[in-house]
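For reference, the chains in residue letters:
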Amino acid sequence: MMEIREAREALKLYFGYDNFRPMQEQIISCLLQKQDVVVLMPTGGGKSVCYQVPAVVMPGICVVISPLIALMKDQVEALLVNGIQAAYLNSSLTPDEQYRVENACLSGELKLLYVSPEKLLSSGFLSFLKRLQVSLFAVDEAHCISAWGHDFRPEYTQLKILKQQFPGVPMVALTATADRLTQKDIQEQLWMQDPKVFIASFDRPNINLMVKPARDRFNRITEFLDRHQGQPGIIYCLSRKGTESIADKLKRKGYRATCYHAGMSAQQRAKAQEAFLKDDVQIVCATVAFGMGIDKSNVRWVIHYNLPKNIEGYYQEIGRAGRDGAKSDALLFYSFADVMSMRSMLTEGNEKQTELQLVKLDRMQQYAEATICRRRILLQYFGETMTKNCGNCDICRNPPTSFDGTLLAQKALSAIARSQERLNMGLLTDVLRGSRSAQVLEGGYDKIKTYGAGRDTSPMDWQRYLHQMLNAGLMELAYDQNYSLKLTDQSRQVLFEGRQVQLVKFDEIKQPAEETISRARPKREQIKDALFERLRTLRKRLADEYGVPPYVVFSDSTLMEMAAEKPTNRIAMLAISGVGSLKYERYGYDFVNEIINFMTDEQEKGNKVKGATHLVTYEELKKGNNPEQIAAMRNLNPVTIYSHLATLYEQGYDDVDLYRFVTKKEYQAISKTIAGMGADAKLKDLYEALNEQYEYYKIRLSIAIYKRNGA
Ligand code: ADP
Ligand code: ZN
C-alpha cells in the first residue's frame, strides 16, 4: 500500500531507522486507515513512533494527550531535533507562550501538539481544536484511565468526549502496563470503536539480570562502577536516608552522584533530575519515586540496593535501563534481613492489604533466590511463557549444579532441634560455623553437639542452602517468634528416616559476562571503546550547545554503531540506525569529523585501524599535498596513495577529484576495456589488455570512476 511506504520513508528521513519493528508497521497501517488502536508495549518498545510517524504523513495535526509535563517537553525537544514541527500546551506556559503555540496550530505549521488532560478539558479548548484539522488523537499513558491502576487520573475518564465530538478522527491509546483489566477499561472508557488491540511481548532482552548477596554491597557497587565508567545509572534504595548516605559515600570516592527522594524540595528534585538527564551527574541514588516522568534512553544500569516489595515495581524500575535497546545491566542485592524488615513494615499496615502484599513479597524473594532462568520467572509472572532460557541472566550464564546435600541438611536440622528451635538464620549459621559471638555464648549454643560442624562451608553458602531448605519446606520460619527456625514433618524425615536432600550450588569460578568484559579486551574492541568515548564527549558538548539532553542528540546505540562502523562520509553516516537526514544536517558533520580525527590519531600512534590509512591520505590531500609528496612523506609507494584516492572516491568523497590524475580522454579509452573485462578484473590483466599504454595507477583510478558512475 502506498501510505505505509510513505510512512517508511518518513521513518528513515526523520528518525533514521530503516525498518519498523513488527508491530509498529501494523499499528501504523491501521491508523492510516482510520481504525482505532490500543497498544500495550513495554517501556522502550517504540510506542512513540506509532503515532509520530502517522502524524507526519497524515494531513493535519496529531493531538497527543499526555499526563506528564516533564515528558512532554522532552518529547517535543526530540521531535524538533529530528526536524518535526511540534509544541505543547500545559499549565507551565505563560499566556504569551500559549498564544504563540495556538497561532502555530492555526497556521497549520505543526504536525504534533502535546496537551495535558486538564488543558484538553478546559473551557473553549475543544472548540479551538475544531478549528484545526485534527488527524489523530494519541492517548499516552492510557492506563491512567483505570481506577484499578497505580496512576489513576480522574480527568482521563472524561476523555470519551473526544470520540463524541470527533467521531471521524482515529484514536490510538498507548500504555506500558501489561494488565488485561486495564486494557478493557481503556477501550470502554475512551469509547473506542471496535479497536484493534496490539499486545507486545514484555520481554526486555537487552537487560542483563543479576542478583548478588548483599554482603559488602557498597564495595561491590564501586567495583561495578569501575566496570561501567561514566555510564549513567540509578541506585534504588528503600529509605530516604539510604539514598543520602550512599550518594555521600560515592561522592567522597570521587563519583559524580546525587540523591533524589520525596523529602527533598521540588526545586532540589528538579535540579537532580536535570543534572541526570544532561549527563552532568552519572549516578542518582533514589527512592522509587524517581524515574516516573523521565524518558532518558541512555540509562545503562539499575541497581537495587534493597529488595523491592514486589515484582511489578522491580520490573518497572529495571525497565528504566536500556530504553535505546543497547546492552544494560540490572543488579539486585539480596539479603534475608531485607525480607525480614520489609515483612515487619508490611504487617504494621492494614490487614486485608497485608496478605496480598506478603504473597507478592514472597514471589519477589523467590525470584531473588531462583535457581532457574530469571527472565522466565519474570515473564511468567506477567502471564507470558518463554520456551527457552534467556542466556542473559546470571543463572543462564552460570547454571547451578545440584548435589547430595543430605549431610549438610542434617547438620542444620540437628542444630535447630538441639537448640530447642530458638535459632534464627544468622545465629544458626554462627553455631554451625563455630563462632564465639556473644549471642552464641550467652545462649550456651557452643555446648550443643553440632556446634562448629559446618565450619568448612562459608557463611554465604550456608545462607543459600538454608534458603533452599526453607523453600523446599524442610524447615519453617516463625515470623512471630523472632524469626526462629522450626522443624517440620519433612525435617523429621531427614533427621530420622533417611530422606535424601538435593541442594544446588553455584559455581564461583565462572564469572558473569559483564565482569569479563572489561578485562583483556581485544585491541579492536578497545579502539571501538575509545572512539565511543570520544563520540560521547562530542555528543555532550553539542547537547549543551543546543540546550538538549545528550540522548536527544543521538542514542547510545546509535553512537555504538558509529564506533563500530566508523562512517567517515555522509552516505555511510546516513546508513547508521538513528541518523536521519535532518539530524545529519545538524550534527552529522561534527561526528564524521570526529571519527576521521580519531582514526588519523590512532594511525599516528601506530595503531592499525581498518579504513584509516586512506583517511590519512585524505587529510594530507586536503592540506594541498599531491600524491607523490604524500607518498614520500608517508614512506609509501605512490601507487598505494593513488589506490587510497580510488577508495575514497568509491566511498563517496566528492571533493576527491580523480580527473586531476587521469584525463577524461584517458578514462574513455580505459573504461572501454574495463567494460569488456569487468570492474573486478585484475589490474595486471587490464594493463596488458591495454597494451601497457597506461600506468597502473590510471587504471586503478578509472576503475573507481567506472564503479561509481556505472558503465
Ligand atoms: P516507548 O515510548 O515505548 O518507551 P520509545 O518510543 O521511546 O519507546 O522508543 C524506544 C527507543 O527505540 C527509542 O530510542 C527509539 O528511537 C527507538 N526506536 C523506535 N522505533 C524504532 C525502530 N523502528 N527501529 C529502531 N529503533 C527504534
Ligand atoms: Zn536467563
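What you see is a predicted model; the values in this text were computed from it and never measured.

What counts, and where the lines are drawn
- Residues numbered from 1 in each chain as written.
- Chains lettered and ligands numbered in written order.
- Predicted model: local features only at pLDDT ≥ 70, side-chain atom pairs only at ≥ 80, totals over all residues.
- Heavy atoms only, no water.
- 1 Å grid on protein atoms, 1.4 Å probe; cavity = no way out; pocket = protein on both sides within 12 Å on 5 of 7 lines; lining within 4 Å.
- Points joined across faces, edges and corners; volume = space filled by probe spheres on them.
- Helix = DSSP H or I, 4+ residues; strand = E, 2+ residues; numbered from the N terminus.
- Nonpolar A, V, L, I, M, F, W, Y, C, P; charged D, E, K, R; others polar.
- Near = heavy atom within 4 Å.
- Polar contact = N/O pair within 3.5 Å; in protein donor to acceptor, adjacent residues only side chain to side chain.
- Core = buried A, V, L, I, M, F, W, Y, C linked by side-chain atoms within 4.5 Å.
- Buried < 20%, exposed > 50% of the residue type's maximum accessible area, 1.4 Å probe, protein only.
- Contact = heavy atoms within 4.5 Å.
- pLDDT = per-residue confidence, 0-100.
- Pairing = 2+ DSSP bridges.
- Axes fitted to C-alpha atoms, helices over the stretch in contact; angles between N-to-C directions.
- Disulfide = S-S within 2.5 Å.
- Salt bridge = Lys/Arg side-chain N within 4 Å of Asp/Glu carboxyl O.
- Parallel < 35°, antiparallel > 145°, perpendicular 65-115°, else oblique.
- Expected span 1.5 Å × (residues − 1).
- Donors = N, O, S within 2.8 Å, 3.2 Å for Na, K, Ca; no water.
- Tetrahedral: all angles 85-135°; square planar, octahedral: opposite > 155°, others 65-115°.

Applying the stated criterion across every chain, the model contains one cavity of 30 Å³ or more. Estimated volume of the largest cavity: approximately 30 Å³. If you trace the largest cavity, you find it lined by Arg204, Ile207, Leu209, Tyr315, Ile318, Gly319 and Arg375. At the level of secondary structure, the elements contributing two or more residues to the lining of the largest cavity comprise strand E8 (207-213) and helix H13 (311-318). Residue composition of the lining of the largest cavity, by class: four nonpolar, one polar and two charged.

Around ligand 1, the surrounding shell holds 14 residues, and the nearest of these are Tyr17, Gly44, Lys47, Ser48 and Arg323. With respect to ligand 1, the backbone of Gly44 contributes an N or O atom lying 2.6 Å from an oxygen atom. In the environment of ligand 1, an oxygen atom lies 3.4 Å from a nitrogen or oxygen atom belonging to the backbone of Gly45. Among the elements that make up the shell around ligand 1, the one with the highest residue count is helix H3 (residues 47-57) (three residues). Split into classes, the residues belonging to the shell around ligand 1 amount to four nonpolar, seven polar and three charged.

Core analysis: the biggest nonpolar cluster contains 136 residues, and Met562 and Phe591 have the highest contact counts within it. Here this core takes eight residues from helix H28 (residues 581-604), the largest share from any one element. Leave out the neighbours within four places in its chain, and Met562 touches Leu531, Leu535, Phe554, Pro567, Met573, Ile576, Val579, Phe591 and Ile595. If you look at the next biggest cluster of nonpolar residues, it comprises 75 residues, including Tyr51, Leu132, Tyr156 and Met192.

For the rest of this paragraph, the subject is the confidence of the model for the protein chain. Averaged over all residues, the pLDDT of the protein chain equals 89, while 96% of them reach at least 70. Looking over the protein chain, one finds the lowest element-wise mean pLDDT in helix H23 (residues 513-517), namely 48, and the highest in strand E4 (residues 112-115), namely 98.

Attention now moves to the sheet that holds E8. Reading across from one edge, E8-E13-E12-E9-E11-E10 is the order of the six strands in this open sheet, with parallel pairing throughout. With partners counted over all chains shown, the strands left at the sheet margins are E8 and strand E10 (257-260), one partner each. Direction aside, neighbouring strands of the sheet carry axes that sit 15° apart on average. Where strand E9 (residues 233-236) meets strand E11 (residues 283-286), four bridges bridge the pair, whose relative direction is parallel. The residue bridging Gly233 from the neighbouring strand is Ile283, located in E11. Helix-sheet contacts for H13 involve E8, E9, strand E12 (301-304) and strand E13 (328-334), and the interaxial angle to E12 is about 150°.

Let us look at the state of the cysteines. For the structure on display, the rule yields zero disulfides. Unpaired in terms of disulfides, Cys105 finds its nearest cysteine sulfur in Cys62, a separation of 12 Å. Looking at the unpaired Cys259, the closest cysteine sulfur is the one in Cys285, lying at 7.2 Å. Taking the relative accessible area as the measure of exposure, Cys259 reaches 16% and is therefore buried.

Turning our eyes to something else, we now look at the environment of His261. Relative to the helices and strands, His261 is located in the loop between E10 and helix H12 (266-277). Between the C-alpha atom of His261 and that of Met364, which follows or precedes it by 103 residues, the distance is 23 Å. Setting aside residues up to four positions removed in sequence, His261 forms contacts with Arg240, Thr243, Glu244, Arg269 and Thr287. A polar side-chain atom of His261 sits 2.7 Å from a polar atom in the side chain of Glu244.

What follows deals with the pattern of salt bridges. Opposite charge on two side chains permits pairing when their charged atoms draw close. If you walk through the whole model with that rule in mind, you get 35 salt bridges. In this structure, Arg300 and Asp556 form a salt bridge, with 2.6 Å as the shortest nitrogen-oxygen distance. Of this pair, Arg300 sits in the loop between E11 and E12 while Asp556 is found in helix H26 (residues 556-565), placing the two residues 256 residues apart along the sequence. On the accessibility criterion, Arg300 (3% relative accessible area) is buried. The residue Lys605 makes a salt bridge to Glu602 at a minimum N-O spacing of 2.9 Å. What makes Lys605 exposed here is its relative accessible area of 58%. Its relative accessible area of 5% is what places Glu602 among the buried residues.

Our next topic: the packing of H28 against helix H29 (residues 613-622). The N-to-C vectors of H28 and H29 enclose an angle of 105°; their axes lie 9 Å apart at closest approach. Comparing their axes, H29 and H28 come out roughly perpendicular. Between H28 and H29, the contacting residues are Ile596, Met599, Thr600 and Gln603 on the first element and Thr613, Leu615, Val616, Tyr618 and Glu619 on the second. Of the residues in the contact of H28 with H29, the class split is five nonpolar, three polar and one charged.

Below, the discussion takes up the sheet that holds strand E6 (residues 171-175). With respect to topology, seven strands assemble into an open sheet ordered E3-E4-E2-E5-E6-E1-E7, the strand pairing being parallel. The open sheet has two edge strands, strand E3 (86-89) and strand E7 (196-199), and neither has a second partner. The average undirected angle you get between the axes of adjacent strands in this sheet is 20°. Judged from the four bridges that link them, strand E1 (residues 37-40) and E7 form a sheet pairing that is parallel. The residue bridging Leu40 from the neighbouring strand is Ile199, located in E7. Sitting on the sheet, helix H2 (residues 22-32) is in contact with E1, strand E5 (134-139), E6 and E7, with an inclination near 165° to E7.

We now examine helix H18 (residues 406-418). Across its 13 residues, H18 extends 18 Å between first and last C-alpha, which sits within 8% of the 18 Å expected from 1.5 Å per residue. Three or more residues of H18 are buried, namely Thr406, Leu408, Ala409, Ala412, Leu413, Ser414, Ala415 and Ile416. Gln420 lies just past H18 and shows a positive phi near 55°.

Taken together, Cys373 (SG), Cys390 (SG), Cys393 (SG) and Cys396 (SG) make up the protein donors of the zinc ion (ligand 2), found 2.3 to 2.4 Å from the metal. Each of the four donor atoms bound to the zinc ion (ligand 2) contributes to angles spanning 102 to 119°, and the resulting shape is tetrahedral. Donor residues for the zinc ion (ligand 2), ordered by position in the chain, follow C-x16-C-x2-C-x2-C. Of the two residues, Cys373 sits in the loop between helix H15 (351-368) and helix H16 (374-381) while Cys390 sits in the loop between H16 and helix H17 (394-397), which places them 17 residues apart along the sequence.

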